[in-house]
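Here is what each chain is made of, one letter per residue.
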Amino acid sequence: MRRFDLRSLRFAEASEVWRRLPVEVDPFVYGGLDYEVPEGSVDLLLSAARVGDNVTLRAEFETAVIGPCQRCLGDADVIVSVRGVEYVRHGESEGEAEDEEGYVASSIVDVGRWARDLIAEELPPKLLCRDDCRGLCAECGADLNADPEHRHDEA
Ligand SMILES: [Zn+2]
Ligand SMILES: [Zn+2]
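Below is a summary of the structure that appears in this document. Computed from a predicted model, the values in this text were never measured in an experiment.

Rules and cut-offs
- Residues numbered from 1 in each chain as written.
- Chains lettered and ligands numbered in written order.
- Predicted model: local features only at pLDDT ≥ 70, side-chain atom pairs only at ≥ 80, totals over all residues.
- Heavy atoms only, no water.
- Helix = DSSP H or I, 4+ residues; strand = E, 2+ residues; numbered from the N terminus.
- Contact = heavy atoms within 4.5 Å.
- Polar contact = N/O pair within 3.5 Å; in protein donor to acceptor, adjacent residues only side chain to side chain.
- Pairing = 2+ DSSP bridges.
- Axes fitted to C-alpha atoms, helices over the stretch in contact; angles between N-to-C directions.
- Salt bridge = Lys/Arg side-chain N within 4 Å of Asp/Glu carboxyl O.
- Buried < 20%, exposed > 50% of the residue type's maximum accessible area, 1.4 Å probe, protein only.

1. Details of the environment of Asp 26
Now for step 1: Among the secondary structure elements, Asp 26 is positioned in the loop between β2 (16–24) and β3 (28–30).
Now for step 2: Taking the C-alpha atoms as reference points, Asp 26 and Arg 113, 87 residues apart in sequence, are found 8.5 Å from one another.
Now for step 3: With residues up to four places along the chain from it excluded, the contact list for Asp 26 reads Arg 2 and Arg 116.
Now for step 4: In terms of polar contacts, Asp 26 uses its side chain to reach the side chain of Arg 2, at 2.9 Å.

And the structure:
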């Protein structure tokens, strides 16, 4: 799913409810390269705590992000663990800034966009195949992980 209807939650006596949602996450560009989550989906745990007309939404999940190493372009993956919170009043997001677009409008939570933004916030500054990736030769593009001795003779 990409969107979740808050009106489907039944608070009944409880003031807090939990839902486990399979959320589709579109591939995204990071540092000019394409990344995705395995099978394009994350298992998002959504909690909603209600006080009167206010609902506090919390999203939590862990996922792998896969794509090219930003140094050598080989396969890389990283596990990110995210948490997000969104305040909702009368079915609308309460943005902190006026120009900030919230994730909830007319009681519909844009869980797809929310999950993607949360992942983006948690990514390391450089996504590498391994911490000590040697990258590619600046001169000829050879993979320096495969050939650590690689060098060009000074002219
Ligand atoms: Zn690498
Ligand atoms: Zn070279």
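Don't stop here, the text continues.
2. Looking at the sheet that holds strand β6 (residues 54–68)
Now for step 1: Spatial strand order, β2-β5-β6-β7-β8: 5 strands in an open sheet with antiparallel pairing. This sheet does not close on itself; its edge strands, each paired only once, are β2 and β8 (92–93).
Now for step 2: Summarising the sheet, β6 and strand β7 (residues 75–89) pair through 15 bridges and their orientation is antiparallel. Counterpart to Asn 54 in the pairing with β7 is Arg 89.
Now for step 3: Here helix α1 (residues 111–122) sits on the sheet and contacts β2, β5 (41–51), β6 and β7; the angle it forms with β7, its principal contact strand, is near 125 degrees.

3. Details of the pairing of β6
Now for step 1: Across 7 bridges, the pairing between β5 and β6 is antiparallel. Note on β6: the bridge partner recorded for Leu 46 is Ala 59.
Now for step 2: Where β5 folds back onto β6 in an antiparallel hairpin, the turn is made up of 2 residues, including Gly 52, whose phi is positive at roughly 60 degrees.
Now for step 3: Linking two consecutive strands that pair antiparallel, namely β6 and β7, is a turn of 6 residues; a positive phi of about 70 degrees is found at Leu 73 within it.

4. Overview of the sheet that holds strand β1 (residues 4–5)
Now for step 1: Spatially, β1-β10-β9 is the arrangement adopted by the 3 strands of the open sheet, whose pairing is antiparallel. Strands at the two margins of the open sheet, each flanked by one partner only, are β1 and β9 (104–105).

5. Digging into the pattern of salt bridges
Oppositely charged side chains can form a pair if their charged atoms are brought close together.
Now for step 1: Under the definition given, this model contains 9 salt bridges.
Now for step 2: Arg 2 serves as the salt-bridge partner of Glu 24, at 3.2 Å between the closest nitrogen and oxygen. Taken together, the residues Glu 24 in strand β2 and Arg 2 in the segment before β1 connect sequence positions 22 residues apart.
Now for step 3: Taking relative accessible area as the criterion, Glu 24 reaches 34% and is therefore assigned partly exposed.
Now for step 4: Accessibility expressed as a relative area gives 36% for Arg 2, which makes it partly exposed.
Now for step 5: Between Arg 113 and Asp 110 there is a salt bridge whose closest N-O contact spans 3.2 Å.
Now for step 6: A single salt-bridge network, built from bridges that share partners, covers Arg 3, Glu 101, Asp 110 and Arg 113.

6. A short note on the environment of Ala 115
Now for step 1: Structurally, Ala 115 can be placed in helix α1.
Now for step 2: Considering only alpha carbons, one finds Ala 115 and Arg 2, 113 residues apart in sequence, at a separation of 9.3 Å.
Now for step 3: When residues no more than four places from it in sequence are discounted, the contact partners of Ala 115 are Val 23, Val 25, Val 42, Leu 44 and Phe 61.

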